[in-house]
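The residues making up each chain are set out below.
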Amino acid sequence: MSDIDYMKQAMDLAEKGRGWTSPNPMVGAVVVKDGQVVGRGYHQRVGGPHAEVNAIDDAGDRARGATIYVTLEPCNHFGRTPPCTQKILDAGIRRVVVAMADPNPGVQGGGNKTLQDQGIEVTTGICEKEARALNESFITWVTTGRPFVIVKCAATLDGRIATRTGDSRWVTGPASRQFVHRIRHGIDGIMVGVETVKKDDPSLTTRLDEETGSDPTRIILDSRLSIPLTAKMLHQASDAPTWVVCGPDAPVDRKAALEDTGARVVTGSLKTGRIDLLTLMDQLGTMGITSLLIEGGGTVTGSAFAAGIVDKVCFFYAPKILGGDDGVPICRGLGPESMKQSIPIHDLSVFRFDADVMLQGYLKPR
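Residues numbered from 1 in each chain as written. Predicted model: local features only at pLDDT ≥ 70, side-chain atom pairs only at ≥ 80, totals over all residues. Heavy atoms only, no water.

*Asks:* I'd love a proper account of the sheet that holds strand S3 (residues 67–70), names of residues and values included.
*Replies:* With mixed pairing, 5 strands are arranged side by side in an open sheet as S2-S1-S3-S4-S5. With partners counted over all chains shown, the strands left at the sheet margins are strand S2 (36–42) and strand S5 (121–124), one partner each. Neighbour-to-neighbour, the strand axes of the sheet open up by a mean angle of 15°, direction not taken into account. Here strand S4 (residues 95–98) pairs with S5 via 4 bridges, running parallel. The residue of S5 that forms the bridge with Val97 is Thr123. Seen against the sheet, helix H1 (residues 3–15) touches strand S1 (28–33), S2, S3 and S4 and runs at an angle of roughly 140° to S1. Each of S1, S2 and S3 touches helix H2 (residues 51–59); the most contacted strand, S2, lies at about 140° to it. (Pairing = 2+ DSSP bridges. Helix = DSSP H or I, 4+ residues; strand = E, 2+ residues; numbered from the N terminus. Axes fitted to C-alpha atoms, helices over the stretch in contact; angles between N-to-C directions. Contact = heavy atoms within 4.5 Å.)

*Asks:* I'd love a proper account of the nonpolar core, names of residues and values included.
*Replies:* Grouped together as the largest cluster of nonpolar side chains are 40 residues, with contacts concentrated most on Met7, Val31, Ile56, Ile93 and Val96. Elements represented by at least two residues in this core include exactly H1, S1, S2, H2, S3, helix H3 (84–91), S4 and helix H5 (128–134). Per-element tally for this core: the top contributor is H1, with 6 residues. Residues in contact with Val31, not counting those within four places in the same chain, are Gln36, Val37, Val38, Gly39, Ala55, Ile56, Ala59, Ala63, Ala66, Thr67, Ile68 and Ile93. (Core = buried A, V, L, I, M, F, W, Y, C linked by side-chain atoms within 4.5 Å. Buried < 20%, exposed > 50% of the residue type's maximum accessible area, 1.4 Å probe, protein only.)

*Asks:* So what's going on with the side chain of Gln360? Residues and values would help.
*Replies:* Mapped onto the fold, Gln360 is located in strand S18 (residues 356–362). Since its relative accessible area comes to 14%, Gln360 is described here as buried. For Gln360, the contacting residues outside a window of four places in its chain are Lys312, Val313, Cys314, Asp347, Leu348, Ser349 and Phe351.

*Asks:* If you had to explain H1 to someone new, which residues and values would you point to?
*Replies:* Between the first and last C-alpha of H1 there are 19 Å, a value that for 13 residues agrees with the 18 Å anticipated at 1.5 Å per step. Buried residues along H1 sit against S1, S2, S3, S4 and H5. (Expected span 1.5 Å × (residues − 1).)

*Asks:* A description of the environment of Val32 should follow, citing residues and the corresponding values.
*Replies:* Looking at the secondary structure, you find Val32 in strand S1. Overall, Val32 belongs to the buried group, its relative accessible area being 8%. Sequence-distant contacts of Val32, that is, excluding residues within four places in its chain, are made with Tyr6, Val37, Val38, Ala66, Thr67 and Tyr69.

*Asks:* Describe in detail the pattern of salt bridges, supporting the description with residues and values.
*Replies:* Counted according to the given criterion, the structure contains 14 salt bridges. Across the salt bridge formed by Arg164 and Asp326, the nearest N and O atoms sit 3.5 Å from each other. One end of the pair, Arg164, is in the loop between strand S7 (160–162) and helix H7 (174–185); the other, Asp326, is in the loop between strand S15 (312–317) and strand S16 (328–329), with 162 residues separating them in the sequence. Accessibility expressed as a relative area gives 42% for Asp326, which makes it partly exposed. Among the ionic contacts, a cluster of salt bridges with common partners joins Asp3, Arg95 and Glu121. (Salt bridge = Lys/Arg side-chain N within 4 Å of Asp/Glu carboxyl O.)

Keep in mind that these numbers describe shape and distance, not what the molecule does.
Structure, rendered in structure tokens:
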């Protein structure tokens, strides 16, 4: 087997940490000796041992003289855990193969250099593109300070997310909806506007068919704090909190009433009467939200694109046509005057979920 083959095994292990490691990255590692994998490990949960530690412990004495494949440059600093570079040195590892350098500007290159200075052979850049895609949220957050933002919508073929009466249950089928819950499991926050709460009274939790999922922090845009105090998300059993983002002049009594339900009220700035999403992203980043899923409705989606905060789109289309011009569009608000001003999507991928189709792409080339 080649370096690429072993690194792909490490990548598969890293994926097992999705939803549980934030704000840390997902990392996997395998230890190989004499052409055999003798140790496997991944970062399972924030605050727990790193992938290299778990893989080396799994290998035991067989780690001496072996090669370790790791999807991210080994850390060289004390954080919640000791540096992995020391673990590698103590184990007698002779070669380290790394997919990508640590994107954190404060530590980039430190781990690799420390190992090389101690005579360890270090190979980098194996499956780097895949490694960067795996941790796209962490990379964005650690380099910009703001969360990686995904916009999701479910629409008919003629681009409507609901009928003129607001009926949107269900646009897409069960397989699409289950995949959306998998997206929810892997992100830190999920954001909707207060009108969606009033109309649909959603839970915004993660519900996976065959395993326990991680609930994202629920973030509601509500400049005047008009959310009903009976809203489901204010009273449901969930380990994740609900945050309501309001303007600076929101009623004090409503703020107190919401906080009495256990919700957190976050004061944001306004722009043309609505929450300033660009500024809000900076706030959320400092509050530990490394990734954010925007699920609408049309006004919030349109505002997100207008504010330039979107990194990735997941647009689901069902084989249905409403046939009128009075349904709810994917985006609401003022659009561009010319097609040249439209937003290009890069690295487009197409997925099938039974009869539905999902288009996934990025607003910047990767």
